[in-house]
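Spelled out from the first residue to the last, the chains are:
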Number of protein chains: 2
Amino acid sequence: MYDKFFIQQLKQNGYKITPQRRAIIEALAEAPLAPKASEIWEKIRQKYPDISPDTVYRNLTLLVDLGMVQQIYLRSKETSRFEVNIPHHHHLICLKCGCYYCLEGCLVNEQNLKAAKQRGFTVIGHALELYGYCLSCKEVREEGLKREGKGKNES
Amino acid sequence: MYDKFFIQQLKQNGYKITPQRRAIIEALAEAPLAPKASEIWEKIRQKYPDISPDTVYRNLTLLVDLGMVQQIYLRSKETSRFEVNIPHHHHLICLKCGCYYCLEGCLVNEQNLKAAKQRGFTVIGHALELYGYCLSCKEVREEGLKREGKGKNES
DNA sequence: CTCCTAAATAAGTTTATTCTTATTTAAGAT
DNA sequence: ATCTTAAATAAGAATAAACTTATTTAGGAG
């Protein structure tokens, strides 16, 4: 589903397409619910018994950093979960058990607060985080891509 | 500063006031920037050399769960940071280096996006999470407080 | 003040995640 | 197809955070 788009995005950003990456993207696309990293790892191990957890974490982080996947920080003992970022939405999270619901849209609005209330959910707070790259990290990153694009110029 | 309010809130919710808790609250109130758990631990160890990191984590989590402290998930390799929840605000976070800026207000609005742009920050995504207690966790929690029953505030 | 008990703690263990390093590999160039 | 090299990987070490359990303690009752 998203597979092709994800692969294309990786290529466009200068990343290599490895069997492990394909498997991770496939696992994400097939997963019914936002899975944990460990669940993705377990699934892929059926096909690639030698894949290391580090590879799964590393690539999930990459997909998050490229904006294709959203990492849901459950704000509880529960480990985070990963979800394809389409369609864009946010979450209602229980601090105690880590269960969560999907919300619609981007705002702390009446509709979402009502949705929370209807589920018997007591909201004690919310967090809005814009994430991306600060000026210097962005420059370092573009430096890297540029160097790649223009061949090897060593200092 | 917030010390008194925090202690009062803990009492009102039926929690005991231990020297460790006082020290953690003090350390938070005195910290100039949102500190890491490890930094809080180090600071308190000067006074209480035997305090365990678990106690720090446990109590920070408690303060977050009670809505007095906000845990900033830096969405990067960087560990999270803890900040007194007053005044209420949100954050702009770099995925690469973990640096962050404080934002004003609660919304993904023009003002905040402009503030990001002015800093040379490239926003690749945002997350909005409402957190609190789901129905069953809330019931379990109230059950606990009720059972206690001897507290000041019976309702 | 002393006693009592649930809550809180310290210490040690476990799990999740990240880092380090040596090896392998994707993909562009020849 | 073969060569080259930076990027990606696996494995194991290191770190952060949470859990388990035995012990201590805050704070209410007598």
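See the structure printed just above.
A short tour of the structure in this document, coming up. Within each chain, residues carry numbers counting from 1 in the order of the written sequence. Lettering of chains starts at A and numbering of ligands starts at 1, both following the order in which they are written. Totals for whole chains, interfaces and linings use every residue, but because this is a predicted model, local features are given only for residues with pLDDT of at least 70 and side-chain atom pairs only at 80 or more, for both listing and counting. Only heavy atoms go into the side-chain values, all of them from the structure, while hydrogens and water stay out.

Things to note about the overall build of chain A
Phase 1 of the analysis: Numbering of helices and strands runs from the N terminus; a helix is a DSSP stretch of H or I covering at least four residues, while a strand is a stretch of E covering at least two. Scanning chain A for helices and strands turns up 6 helices and 5 strands.
Phase 2 of the analysis: With 155 residues in all, chain A has 45% of them scored as buried.
Phase 3 of the analysis: When the accessible surface of chain A is split by element, carbon and sulfur atoms take 52% of a total near 8,800 Å². Each residue is assigned to one of three classes by its accessible area relative to the maximum for its type, calculated with a 1.4 Å probe on protein chains only: buried under 20%, partly exposed between the two thresholds, exposed over 50%. Only the protein chains shown count as covering a residue, and every accessible area follows the Shrake-Rupley method with a 1.4 Å probe.

Structural notes on the packing of aromatic side chains
Phase 1 of the analysis: The rule is short: rings of Phe, Tyr and Trp, with Trp giving its six-membered ring, pair when the centres are within 6.5 Å, and they are stacked under 30 degrees, edge-to-face over 60, tilted in between. Applying the stated criterion across every chain yields a total of 3 aromatic pairs over all chains.
Phase 2 of the analysis: Sitting over a ring, as applied to charges here, requires NZ of Lys or CZ of Arg to be within 6 Å of the ring centre and within 35 degrees of the ring normal. Stacked on the ring of Trp-41 of chain A, the Lys or Arg Arg-45 of chain A has its end atom at 4.1 Å from the ring centre.

Details of the protein's contact with DNA strand D
Phase 1 of the analysis: If a single non-hydrogen atom of a residue is within 4 Å of a molecule or strand, that residue counts as near it. In the region of DNA strand D, 20 residues are neighbours, and Thr-55 and Arg-58 of chain A together with Ile-17, Tyr-57 and Thr-79 of chain B sit closest.
Phase 2 of the analysis: In DNA strand D, atoms within 4 Å of the protein come from the sugar-phosphate backbone in 77% of cases.
Phase 3 of the analysis: In this structure, a base nitrogen belonging to DNA strand D sits 3.4 Å away from a side-chain N or O atom of Lys-16 of chain A.
Phase 4 of the analysis: Contacts to DNA strand D include Ser-52 of chain A, whose backbone N or O atom sits 3.2 Å from a phosphate oxygen.
Phase 5 of the analysis: The set of elements that each furnish at least two residues to the surface near DNA strand D consists of helix 2 (19-30) and helix 4 (53-65) of chain A together with helix 4 (53-65) of chain B.
Phase 6 of the analysis: Of all the elements, helix 4 of chain A adds the most residues to the surface near DNA strand D, at 4 residues.
Phase 7 of the analysis: Note on residue classes: Ala, Val, Leu, Ile, Met, Phe, Trp, Tyr, Cys and Pro are nonpolar, Asp, Glu, Lys and Arg are charged, and everything else, Gly too, is polar. Residues that form the surface near DNA strand D fall into these classes: 5 nonpolar, 7 polar and 8 charged. Between N or O atoms, a polar contact is any pair within 3.5 Å; within protein, one atom must be a potential hydrogen donor and the other a potential acceptor, and residues adjacent in sequence are included only when both atoms are from side chains.

Remarks on the protein's contact with DNA strand C
Phase 1 of the analysis: Near DNA strand C there are 20 residues, and of these Ile-17, Tyr-57 and Thr-79 of chain A together with Thr-55 and Arg-58 of chain B occur at the shortest range.
Phase 2 of the analysis: Restricting attention to atoms of DNA strand C within 4 Å of the protein, one finds that 76% of them are sugar or phosphate atoms.
Phase 3 of the analysis: In this structure, a phosphate oxygen belonging to DNA strand C sits 2.7 Å away from a main-chain N or O atom of Ile-17 of chain A.
Phase 4 of the analysis: When residues of the surface near DNA strand C are traced back to their parent elements, those giving at least two are helix 4 of chain A together with helix 2 (19-30) and helix 4 of chain B.
Phase 5 of the analysis: Looking at which element gives the most residues to the surface near DNA strand C, the answer is helix 4 of chain B, with 4 residues.
Phase 6 of the analysis: Of the residues belonging to the surface near DNA strand C, the class tally is 5 nonpolar, 7 polar and 8 charged.

Here we look at the interface of chain B and chain A
Phase 1 of the analysis: Contacts are residue-level and defined by heavy atoms, with any inter-residue pair within 4.5 Å sufficient. At the junction of the two partners, chain B supplies 46 residues and chain A supplies 46 residues.
Phase 2 of the analysis: Across the interface of chain B and chain A, roughly 4,600 Å² is buried in total on both sides, 63% from carbon and sulfur atoms.
Phase 3 of the analysis: A simple way to read buried area is as the amount of 1.4 Å-probe accessible surface that goes missing from two parts once joined, with both sides added. Considering only the surface of chain B that becomes buried against chain A, Leu-128, Leu-130 and Tyr-131 of chain B emerge as the three largest contributors, covering 19% of it.
Phase 4 of the analysis: Any carboxyl oxygen of Asp or Glu that lies within 4 Å of a side-chain nitrogen of Lys or Arg is treated as forming a salt bridge with it. Viewed at the interface, chain A and chain B are joined by 0 salt bridges.
Phase 5 of the analysis: Counting every contact that joins chain B to chain A gives 0 residue pairs in polar contact (both at pLDDT 80 or more).
Phase 6 of the analysis: Of all the elements in the fold, those that place two or more residues in the side of chain B that touches chain A are helix 4, strand 1 (69-72), strand 3 (90-94), strand 5 (122-133) and helix 6 (135-148) of chain B.
Phase 7 of the analysis: Counting residues per element, the side of chain B that touches chain A draws most heavily on strand 5 of chain B, at 12 residues.
Phase 8 of the analysis: For the side of chain B that touches chain A, the class distribution of residues is 25 nonpolar, 13 polar and 8 charged.

What about the side chain of Gln-70 of chain B?
Phase 1 of the analysis: With respect to the secondary-structure elements, Gln-70 of chain B resides in strand 1.
Phase 2 of the analysis: Not counting residues up to four positions away in its chain, the partners in contact with Gln-70 of chain B are His-126 and Ala-127 of chain A together with Arg-81, Phe-82, Glu-83, Asn-85, His-89, His-90, His-91 and Tyr-131 of chain B.

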